Amino acid sequence: MSTYSWAVIGAGPAGIAAVGRLLDHGIPGPEITWIDPEFGAGDLGAKWRAVPSNTQVGLFLDYLNASASFGFGQAPRFELSTIDPEQTCPLRVVADPLVWVSRQLCDQVTPVRTTAKELWLADRHWTVHTDHGEIAAKNVILAVGSVPKKLSYPGLEEIPIETALDPAKLERVALDGARVAVFGSSHSAMIALPNLLSTPVQRVTNFYRSPLKYAVYLQDWILFDDTGLKGQAARWARENIDGTYPQRLDRCLVTGPEFGERLQQCSHVVYTVGFERRRLPLTPQWGPLNYDASNGILAPGLFGIGIAFPEYRTNPLGSGEYRVGLYKFMQLLDDALPLWLRYST
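If you check an unreviewed UniProt entry, the chain appears there as Pyridine nucleotide-disulfide oxidoreductase from Mycolicibacter terrae.

Next up, the structure:
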């Protein structure tokens, strides 16, 4: 069984940031193992390439240039670098440099293409049980990502969210004459709705719980940064939801008296109701573990980062949000990693 100082589980944007920052803090590459089945920039690279981002290009570039270990200054010229930093872009434009950075990091550490199944702490070491055997590490960082939440309305044919957000995939679904229910009013919903309306559906009904919320760009911070609509989704919503509904689109409050009747009229459904943490490696000693949302600590030598373990931060007006985004993951590491280095097993 190989033994390392650090094991990072997950190779999406948060896992990439964690490996880069460990190297930046002087942890020797041979003392770091990186566990992931693909090393393809996680779900961002595998599922969401066609999705318009809600993050400005400049913040993606800040993330890529934040870690010296990424070596992004020596990277080939990616499309991302040609776009106005204040504009947004499709996530495929971000995925390509992330995959390139992953390859640079894999050359510096020990990558293991497998899935972590269980964690066990003994003798001040974690044992990571994987499909390919056991790995020992003094410290473990979980960057496992999240999966879309779903509701349960039997009798409706579900269109997976990754299909609804990708026009190329959506056009392969037989939707002629379909009546599609879309639950949610998030960024994803405001991308799925126009995608569906570009197909031969008969009608799309958006089921919602509350008014839309838009991000507000202030001098040095953003109100509703992580809960408000931005970019292409915000522009479409202002014109077509808070403006004039397009033909074949209507909306229904889920607590309203017409909800049941309107839902019965639908043949298909898309759930854009948020994400939940991907199933973690089991920790039989304690069962499910809570994390400290201010610093990502789960247990001695066990830490969480990324969309599965978002940081909670209060804004200047006193309200708070869970922070999700590539550069936000890097900012949390800047604050938390010095603490993690002292809180190891």
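Attention now goes to the overall build of the chain. The helix and strand tally for the chain stands at 10 helices and 19 strands. Whereas a compact globule of 345 residues would reach a radius of gyration of roughly 20 Å, the chain reaches 21 Å, a difference of no more than 12%. In terms of overall dimensions, the chain has C-alpha extents of about 60 × 45 × 45 Å along its principal axes. Taking all 345 residues of the chain together, 52% fall into the buried category. Taking the contacts inside the chain whose residues are at least 6 apart along the sequence as the reference set, 73% of them involve residues at least 24 apart.

Contact pair helix H1 (residues 13–24) / helix H10 (residues 326–342): the axes reach a minimum separation of 9 Å and the direction vectors enclose 40 degrees. With respect to H10, the axis of H1 lies oblique. For the pair H1 and H10, the sense of crossing is right-handed. On H10, the residues that touch Pro-13, Ala-14, Ala-17, Ala-18, Arg-21 and Leu-22 of H1 are Leu-326, Phe-329, Met-330, Leu-333, Asp-334 and Leu-337.

Let us now look at the pairing of strand S10 (residues 203–208). The sheet contact formed by strand S9 (residues 179–183) and S10 spans 5 bridges and is parallel. Directly across from Phe-183, in S10, lies its bridge partner Phe-207. In this region the chain leaves S9, passes through helix H7 (residues 187–197) and returns to the parallel neighbour S10; the handedness of that crossover is right-handed. Of the pairings in the sheet, the one linking S10 to strand S13 (residues 249–253) comprises 5 bridges and is parallel in character. By the bridge assignment for S13, Asn-206 is matched with Arg-251.

Here we come to the nonpolar core. Grouped together as the largest cluster of nonpolar side chains are 81 residues, with contacts concentrated most on Trp-34, Met-190 and Trp-340. Looking at which element gives the most residues to this core, the answer is helix H4 (residues 91–106), with 10 residues. With near-sequence residues (within four places) excluded, Met-190 lies in contact with Ser-185, Asn-206, Leu-212, Leu-229, Ala-233, Trp-236, Ala-237 and Ile-241. Counting 22 residues, the second largest nonpolar core, distinct from the first, contains Ala-116, Ile-135, Ala-137 and Ala-308.

The subject of this paragraph is the sheet that holds strand S8 (residues 157–158). With parallel pairing, the 5 strands of this open sheet are ordered in space as S8-S14-S9-S10-S13. Strands at the two margins of the open sheet, each flanked by one partner only, are S8 and S13. Contacting S9, S10, S13 and strand S14 (268–271), H7 runs over the sheet at an angle of about 165 degrees to S10.

Here we take up H4. Along its 16 residues, H4 runs 22 Å from first to last C-alpha, staying within 8% of the 22 Å computed at 1.5 Å per residue. In terms of residue burial, H4 counts as a mostly covered element, since 12 of its 16 residues are buried. All buried positions along H4 are accounted for by Leu-91, Val-93, Val-94, Ala-95, Pro-97, Leu-98, Val-99, Trp-100, Val-101, Ser-102, Leu-105 and Cys-106. Buried residues along H4 sit in contact with H1, strand S2 (32–35), helix H2 (42–46), helix H3 (57–66), strand S3 (110–112) and H10.

With that out of the way, let us pick up the pattern of salt bridges. For the structure on display, the rule yields 16 salt bridges. Put simply, Asp-334 and Arg-21 hold a salt bridge, and the shortest N to O gap is 2.6 Å. Taken as a pair, Asp-334 in helix H10 and Arg-21 in helix H1 lie far apart in primary sequence, 313 residues in all. Taking relative accessible area as the criterion, Asp-334 reaches 38% and is therefore assigned partly exposed. Look at Arg-21 and you get buried, because its relative accessible area is 9%.

We now examine the packing of aromatic side chains. The tally for this structure, following the rule as stated, stands at 17 aromatic pairs. On the numbers, 5.9 Å between centres and 40 degrees between planes, the contact of Phe-183 with Tyr-271 is tilted. A residue pair is termed long-range when its members are at least 10 positions apart, and Phe-183 in strand S9 and Tyr-271 in strand S14 qualify at 88 residues. Through pairs of rings, three or more aromatic residues link up here, namely Tyr-153, Phe-183, Phe-207, Phe-259 and Tyr-271. Sitting above the plane of the Tyr-208 ring, Arg-251 keeps its charged end 4.0 Å from the centroid.

Our focus in this paragraph is the side chain of Asn-195. Within the fold, Asn-195 resides in helix H7. Setting aside residues no more than four positions away along its own chain, Asn-195 makes contact with Ala-164, Leu-165, Asp-166, Pro-167 and Leu-170.

For H1, which comprises 12 residues, the first-to-last C-alpha distance of 16 Å matches the rise-based estimate of 16 Å (1.5 Å per residue) to within 8%. The set of residues buried in H1 consists of Pro-13, Ala-14, Gly-15, Ile-16, Ala-17, Ala-18, Val-19, Gly-20, Arg-21, Leu-22 and Leu-23. Once H1 finishes, Gly-26 follows within two positions and takes phi at roughly 90 degrees, a positive value.

Let us look at unusual backbone geometry. Unusually for a residue other than glycine, Asp-123 sits at a positive phi of about 55 degrees. Along the chain, Asp-123 falls in the loop between strand S4 (116–122) and strand S5 (125–130).

Reading the values: the criteria
- Residues numbered from 1 in each chain as written.
- Predicted model: local features only at pLDDT ≥ 70, side-chain atom pairs only at ≥ 80, totals over all residues.
- Heavy atoms only, no water.
- Helix = DSSP H or I, 4+ residues; strand = E, 2+ residues; numbered from the N terminus.
- Rg over C-alpha atoms; globule rule 2.2 N^0.38 Å.
- Buried < 20%, exposed > 50% of the residue type's maximum accessible area, 1.4 Å probe, protein only.
- Contact = heavy atoms within 4.5 Å.
- Axes fitted to C-alpha atoms, helices over the stretch in contact; angles between N-to-C directions.
- Parallel < 35°, antiparallel > 145°, perpendicular 65-115°, else oblique.
- Left-handed = near helix turned anticlockwise from the far one by under 90°.
- Pairing = 2+ DSSP bridges.
- Right-handed = clockwise from strand over helix to strand, strands pointing away.
- Core = buried A, V, L, I, M, F, W, Y, C linked by side-chain atoms within 4.5 Å.
- Expected span 1.5 Å × (residues − 1).
- Salt bridge = Lys/Arg side-chain N within 4 Å of Asp/Glu carboxyl O.
- Phe/Tyr/Trp six-rings, centres within 6.5 Å; stacked < 30°, edge-to-face > 60°.
- Lys NZ or Arg CZ within 6 Å of the ring centre and 35° of its normal.

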